[in-house]
Amino acid sequence: MTTLAPSPPVETEPARRASSPDAASRRTAAKQVGVLVAVCLLVILAAPSDYSVRIATLVLVYAALAMGLNVVVGLAGLLDLGFIAFFGVGAYTYALLASDLHDIHLNFWVLLPVGMLVAAMLGVLVGLPALRTHGDYLAIVTLGFGEIVFILLVNLDRPVNITNGPQGVLGIDLPSIGGWEVGKEGVFLGAFGLTPTMQFFVLATLYVAAVMYCALRLRDARLGRAWRAMRESEAATSSCGVSIVRAKMSAFVFGASVAGGAGVLTAAWYGSVFPDSFLFSESIKVLAMVVLGGIGSVWGALAGALMLVLMPELLREFDQYRLLIFGLVLVLVMRLRPQGLFGSRSPGIRAPGTLGNRIRRRLRRPTDRGGRS
Amino acid sequence: MTTEHLLVARGLAKRFGGLVAVDGVDFAVPERRIVGIIGPNGAGKTTLLNLLSGALRADEGTILLDGADITRRNAAQRAALGLRRTFQNIRLFGGMTVLENVVVGMHAQTRGWIAGGILGGPRVARAEQDAFDTALAVLDALGLGTRVDHLAGSLSYGEQRRVEIARALASSPRILLLDEPAAGLNSAEKRAAAELIRTLPERYGLSVVLVEHDMDLVTHTCSTVSVIEYGRPLCAGRPAEVFSDQRVIDAYLGTAVAR
């Protein structure tokens, strides 16, 4: 491609890189998604009760959200505190267009991409002004955006009833394939059977598998490299020919559409949506999953979701001490493994001083002792 | 200005509030030449480089790259047109491998965005393969062949400087702006850097703009040197002439004061 005189042609040393980078990334992603699907299969076979399958489905929904936010915060380094709004917009897209509220009953498989698209478009709309701000300011702008969406969901029942306000939307349609409705009744083939709950678990597994594949592929692709580079130095990244605004916007829009799709899925699963499910605290919860699991790690996002969904359930017997113990465990994990469960420690070059990076540095500090104090 | 000048700047000016950092600088870089910019601390050298690279927008003046007006292009667009730079304080992507650092530098040579990144396809795969091959070849040529899979942040200072140059070189730029490439290097590394820079135009067919304090390095590499002081051009010429010019000596050492 270029004439780089002094070096020998690369063809003479095939041992350096056995396969093409694209094929290698494709294989890595497929393998890891395979592991995920296998684990989900085991869960469904081993699950002792419908209740545990429901919890596992919830883990998967949050895992999808955390994987989406991980691209925004972890790869691109943009602290988004209003992420749950995109989830809400997806959920309401399905709720309004597939329920008795407006007597519109569009198909789930049509609305899944529509929900993702609506969330993505909203991402562009918010991103245009927000992504021109930096670091902490971006966090504040996204925080405000999240609040606006929540307030709209609560108040858009007057003068024309669009969202049905605080009462939420009930009686949302089940997804259907052909004439068969997912989650209506159990399907049994001899000894093997899928209860309605399990059917939604399968649907969630498919969605998370798709999200995981996309996230892993993007991470190692041209765009993902630009994201990771941008997180460390915007000046150097733009000097490499990368349009910073475009790269940021892409991360934002990708994360938004992942959350939008998860929203559609969740609305169909629950059969009802309420504005309260999309409060600021939910954004923080997903962010906590990303940080706890390890910023930038796709498996970490899953681990964070697993921990933050399972732990409150497992701690039920502690009754009023539940949240206390929950908080203590979180503090301990961050103290003992500041890079997160699946995070790797990056070397000593200081990343730019965005709030996200500062949080990360602060969290990392305890293990940095010994170098200098 | 004749067409053999690859990069031409006319009447460049940049003010920060009341401070005039660059004040009417004319500047031309011929094809395949190394042009030095020197001047005392605070003379506006780095600001000039930032104006050329597009990191800063000029208040006045025009910049032409190969005859085309790039004054209104931003840093990323100029980089894609083959105008590349390094930084005085090294700016590598420390958490990425050396190879990845260089491939990020080849953004304009690689393909695919969201859909292309997920789905791949022959065009994307081919471009990726080419980019990684070229990056490996450039890293080999700069003596970093054994470091390709190391994290950039784990390398020594001298190696990091070379990775930064490799990152710019791999995209086959037309012109390379080096901001104090010898800063922080020991004398052996400095000699190696001088040798590397001196051979760049011939090996890679590009021009170099070198902002540097190290007189030895400038003397050994540059065909012409421009001196700026207080943001204004002081004089220009061959290194030996410039360094013996009384005005330059005064600018660096201060004028003699009668006691």
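Only a predicted model underlies this, so the values are computations on that prediction, with no experimental measurement involved.

On to the sheet that holds strand β1 (residues 5-16) of chain B, then. Residue and element names in this part refer to chain B. Taken in spatial order, the 4 strands line up as β2-β1-β4-β5 in an open sheet, and their pairing is antiparallel. Sheet topology places β2 (19-30) and β5 (68-69) at the edges, where each strand pairs with a single neighbour. Direction of pairing for β1 relative to strand β4 (residues 60-65): antiparallel, over a ladder of 5 bridges. Within the sheet, the bridge partner assigned to Leu-7 lies in β4 and is Leu-65. Set on the sheet, helix α1 (residues 45-53) makes contact with β1, β2 and β4; between it and β1 the angle comes to about 120°.

Let us look at the pairing of strand β7 (residues 175-179) of chain B. All names here are of chain B. Of all 5 residues in β7, 5 are buried; the element is thus mostly enclosed. By the alternation rule, side chains of β7 split into Ile-175, Leu-177 and Asp-179 and Leu-176 and Leu-178, which are all buried. Pairing between β7 and strand β8 (residues 207-211): 5 bridges, direction parallel. If you follow Leu-177 over to β8, its bridge partner there is Val-209. After leaving β7, the chain enters helix α7 (residues 187-204) and then returns to the sheet as β8, a path that is right-handed.

Turning our eyes to something else, we now look at the packing of aromatic side chains. Applying the stated criterion to the full structure yields 8 aromatic pairs over all chains. Stacked on the ring of Trp113(B), the Lys or Arg Arg246(A) has its end atom at 4.3 Å from the ring centre.

Attention now moves to the interface of chain B and chain A. In this complex, chain B contributes 55 residues to the contact, which on the side of chain A involves 45 residues. The contact between chain B and chain A buries some 4,300 Å² in all, and 64% of this surface belongs to carbon and sulfur atoms. Of all residues in chain B, His107(B), Trp113(B) and Ile118(B) give up the largest surface area on contact with chain A, accounting jointly for 17% of the area buried on that side. The tally of links between chain B and chain A comes to 2 salt bridges. One salt bridge connects Arg225(A) with Glu128(B), and the closest N-O pair in it is separated by 2.8 Å. Counting the contacts that link chain B with chain A gives 11 residue pairs in polar contact (both at pLDDT 80 or more). Per-element accounting of the side of chain B that touches chain A gives the leading share, 13 residues, to helix α5 (residues 122-141) of chain B. For the side of chain B that touches chain A, the per-class residue count stands at 26 nonpolar, 17 polar and 12 charged.

Before going further, it helps to examine the nonpolar core. Formed by 114 residues in total, the largest nonpolar core has its most connected members in Leu65(A), Tyr94(A) and Trp227(A). Per element, the largest residue contribution to this core is 18 residues, and it comes from helix α2 (residues 50-75) of chain A. One finds Ile34(B), Val103(B), Phe132(B) and Val208(B) within the second-largest nonpolar core, a separate group that totals 45 residues.

All names here are of chain A. When pLDDT is averaged along chain A, the result is 87, and 87% of the positions lie at 70 or above. Averaged pLDDT values for the elements of chain A fall to 50 in helix α13 (residues 355-364) and rise to 98 in helix α3 (residues 84-97). Residue range residues 1-15 is modelled with pLDDT below 50. Its contacts to residues more than four positions away, or to other chains, number 20 contacts. A low-confidence stretch, residues 364-373 (pLDDT under 50), is modelled with 8 contacts involving residues beyond four sequence positions or located in other chains.

Our focus in this paragraph is the pattern of salt bridges. Residues and elements named next belong to chain B. Counted according to the given criterion, the structure contains 22 salt bridges over all chains. Across the pair Arg-174 and Asp-66 runs a salt bridge, and its minimum N-O distance is 3.0 Å. With Arg-174 in the loop between α6 (157-169) and β7 and Asp-66 in the loop between β4 and β5, this residue pair connects regions lying 108 residues apart in the sequence. Since its relative accessible area comes to 29%, Arg-174 is described here as partly exposed.

Attention shifts here to the sheet that holds strand β10 (residues 232-237) of chain B. Residues and elements named next belong to chain B. Taking strand neighbours across the sheet as the criterion, the 6 strands line up as β6-β7-β8-β3-β9-β10 in an open arrangement whose pairing is mixed. Looking at strand neighbours, the two that pair on one side only are β6 (83-85) and β10, the edges of this open sheet. The mean inter-strand angle of the sheet, taken between neighbouring strand axes irrespective of direction, is 20°. When strand β3 (residues 34-38) meets β8, the two strands line up parallel, connected through 4 bridges. Its bridge partner being in β8, Gly-36 is matched across the sheet by Leu-210. Packed on one face of the sheet, helix α10 (residues 246-253) meets β3, β9 (224-229) and β10 and runs near 130° to β10.

Relative to the assigned elements, Thr110(B) resides in the loop between α3 (98-104) and α4 (114-119). Residue classification places Thr110(B) among the buried residues on the basis of a relative accessible area of 0%. Counting along the chain gives 19 residues from Thr110(B) to Gln129(B), while the straight-line C-alpha distance between them is 9.1 Å. Among residues more than four places away in sequence, those in contact with Thr110(B) are Arg222(A), Arg225(A), Ala127(B), Glu128(B) and Ala131(B). Among the polar contacts made by the side chain of Thr110(B), one reaches the side chain of Arg222(A) at a distance of 3.1 Å. Polar side-chain contacts of Thr110(B) include one of 3.1 Å to the backbone oxygen of His107(B).

What counts as what
Residues numbered from 1 in each chain as written. Chains lettered and ligands numbered in written order. Predicted model: local features only at pLDDT ≥ 70, side-chain atom pairs only at ≥ 80, totals over all residues. Heavy atoms only, no water. Pairing = 2+ DSSP bridges. Helix = DSSP H or I, 4+ residues; strand = E, 2+ residues; numbered from the N terminus. Contact = heavy atoms within 4.5 Å. Axes fitted to C-alpha atoms, helices over the stretch in contact; angles between N-to-C directions. Buried < 20%, exposed > 50% of the residue type's maximum accessible area, 1.4 Å probe, protein only. Right-handed = clockwise from strand over helix to strand, strands pointing away. Phe/Tyr/Trp six-rings, centres within 6.5 Å; stacked < 30°, edge-to-face > 60°. Lys NZ or Arg CZ within 6 Å of the ring centre and 35° of its normal. Buried area = accessible area lost by both parts, 1.4 Å probe. Salt bridge = Lys/Arg side-chain N within 4 Å of Asp/Glu carboxyl O. Polar contact = N/O pair within 3.5 Å; in protein donor to acceptor, adjacent residues only side chain to side chain. Nonpolar A, V, L, I, M, F, W, Y, C, P; charged D, E, K, R; others polar. Core = buried A, V, L, I, M, F, W, Y, C linked by side-chain atoms within 4.5 Å. pLDDT = per-residue confidence, 0-100.

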